[in-house]
Amino acid sequence: MSQPAAEDIVRRATAAFNGGQREQARRLCEEGLSREPGEPMLNHLMAAVLFSQGEVSSARSHVETSLEKRPGNVAAQLLAGRIARVAKDFDGALAHLDRAIAIAPQREAFLEKARTLDQAGMRPQARAAWRAVLEAVPRSGEAAARLGRLAWEDGDYAAAAILLERATASEAPAQVWFDLGLVGQDLRDYHGAATAYRKAIELKPDYAEAALNLGIVLQELGDLESAMRAYAQAYRLRPQMFGSIAMALTSAPHGRLWLDEAELRRSLSG
């Protein structure tokens, strides 16, 4: 009985991978590679499987083997860029992404390049890259969110608010709502900040920082009872925040002086 060709194994492994059967896809790739260790399609797919399972070093080895045979494969260059970024080899990641863009400029490659520049801390280049993404894809919540965060870090709160409100106009993760809350605090829009922090907690119930900041803005609004509930939530999630909570309670205009630390801890513990 003849053995299956590499193309057949790739087809079956791809179907298994897309169907969430990663171990089956891995076994099929290993079967094919045991006979054809340099086969580019199998190495590319094996790299994708290993990367999805968190085996970054092995994934990188396989995708590089694939690219040795097929350097013009845009999908493999993009995957190699992602793997290198996760490995924090930002120069290597950018080299792969620039090759992918040179071969066939695609939206995903530009998006991945913006992420890489951002993670590498190359702020001016990252900002320019995110702006290019937002111009090309005006509905990109990720680009709006990252530009909003960068604007907030630069102290441009008005621009940050516009960008982050744009990012949260559609589905957005808890971190983006948290950033919008930070901007609201800095603009003294405490009602808006409270709404943003509540949304962040709704999306991520263990978000201790959002609970702490919610307490702070509610205290600024004079709602000390609700603020105490938020502080209690933050304390339950992360007892190490006790010092920050105590400081907030005693320093804000609508605060309360606690002379007995044990009493405050009991109050926060409910």
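The preceding data block contains the structure.
Treat the numbers as computed from the prediction; the structure is a model and nothing was measured.

Where do I start with the packing of helix α6 (residues 90–103) against helix α7 (residues 107–119) in this structure?
Packing of α6 against α7 brings their axes to within 10 Å, and their N-to-C directions diverge by 160 degrees. Considering the angle they form, α6 stands roughly antiparallel to α7. Crossing geometry of α6 relative to α7 is assigned as left-handed. Each of Phe 90, Ala 93, Leu 94, Leu 97, Asp 98 and Ile 101 in α6 lies in contact with α7, whose residues at this interface are Ala 109, Phe 110, Glu 112, Lys 113, Thr 116, Leu 117 and Gln 119.

What should I look at first to understand helix α11 (residues 174–186) in this one?
Since one α-helical turn is 3.6 residues long, residues separated by three or four positions face the same way. Here α11 is 13 residues long and its end C-alpha atoms lie 19 Å apart, about the 18 Å a rise of 1.5 Å per residue gives. Summarising burial for α11: eleven of the 13 residues are buried, a large majority. Where α11 terminates, the next one or two residues include Arg 188, which has phi positive at roughly 60 degrees.

Looking at this structure, how should I read helix α9 (residues 141–153)?
Between its first and last C-alpha, α9 extends 18 Å over 13 residues, near the 18 Å set by a 1.5 Å rise per residue. Where α9 is buried, its residues meet α8 (123–136), α10 (157–167) and α11.

Can you help me understand the packing of aromatic side chains in this one?
Within a pair of aromatic rings, the relevant descriptors are the distance that separates the centres and the angle that separates the planes. Counting across every chain of the model gives three aromatic pairs. On the basis of an interplanar angle of 55 degrees and a centroid distance of 5.6 Å, the ring pair of Phe 178 and Tyr 197 is categorised as tilted. Of this pair, Phe 178 sits in helix α11 while Tyr 197 sits in helix α12 (residues 190–203), and the two are 19 residues apart along the sequence. Seen from their ring centres, Phe 178 and Tyr 207 are 5.1 Å apart, and the 20 degrees between their planes marks the pair as stacked. Of this pair, Phe 178 sits in helix α11 while Tyr 207 sits in the loop between α12 and α13 (208–220), and the two are 29 residues apart along the sequence. The exposure classification of Phe 178 matches that of Tyr 207, with both residues buried. The structure contains a cluster of three or more aromatic residues connected by ring pairs, namely Phe 178, Tyr 197 and Tyr 207. In this structure, Lys 204 packs its charged tip against the face of Tyr 207, placed 4.6 Å from the ring centre. Here Arg 265 stacks its cationic end above the ring of Phe 242, 3.8 Å away from the centre of that ring.

Would you explain the side chain of Thr 116 in this entry?
If you trace the backbone, Thr 116 turns up in helix α7. Judged by its relative accessible area of 0%, Thr 116 is buried. Within the structure, Thr 116 has its side chain in polar contact with the backbone oxygen of Glu 112 (distance 2.9 Å). Residue contacts for Thr 116: discarding those within four places in its chain leaves Arg 85, Phe 90, Ala 93, Leu 94 and Leu 97.

Calculation criteria
Residue numbers restart at each chain and count upward from 1, following the sequence in its written direction. The model is predicted, so local features are restricted to residues of pLDDT at least 70 and side-chain atom pairs to those at 80 or more, both for listing and for counting; the totals for chains, interfaces and linings are taken over all residues. To obtain the side-chain values, all non-hydrogen atoms of the structure were included, while hydrogens and water were left out. Each axis is a line fitted through C-alpha atoms, taken for helices only over the stretch in contact, and angles between the N-to-C directions span 0 to 180 degrees. Going along the chain from the N terminus, every DSSP run of H or I of four or more residues is numbered as a helix, and every run of E of two or more is numbered as a strand. Angle categories: roughly parallel below 35 degrees, roughly antiparallel above 145, roughly perpendicular from 65 to 115, and oblique for all the rest. By definition, any crossing whose near helix is turned counterclockwise from its far helix by less than a right angle is left-handed, and any crossing with a clockwise turn is right-handed. Contact definition: two residues touch when any of their heavy atoms are within 4.5 Å. A helix is expected to span 1.5 Å for every residue after the first. Buried means the residue's accessible area, taken with a 1.4 Å probe over protein chains only, is under 20% of the maximum for its type, while exposed means over 50%, and partly exposed covers the values in between. Note on aromatic pairs: the rings of Phe, Tyr and Trp (six-membered ring only in Trp) are paired at centre separations within 6.5 Å, and the planes decide the class, stacked below 30 degrees, edge-to-face beyond 60, tilted for the rest. Note on criteria: charge over ring means Lys NZ or Arg CZ within 6 Å of the ring centre, with the direction from the centre no more than 35 degrees off the ring normal. Any pair of nitrogen or oxygen atoms within 3.5 Å is treated as a polar contact; in protein, a donor-acceptor pairing is required on top of that, and neighbouring residues in sequence qualify only through side-chain atoms on both sides.

Any functional reading would require information beyond the geometric quantities listed.
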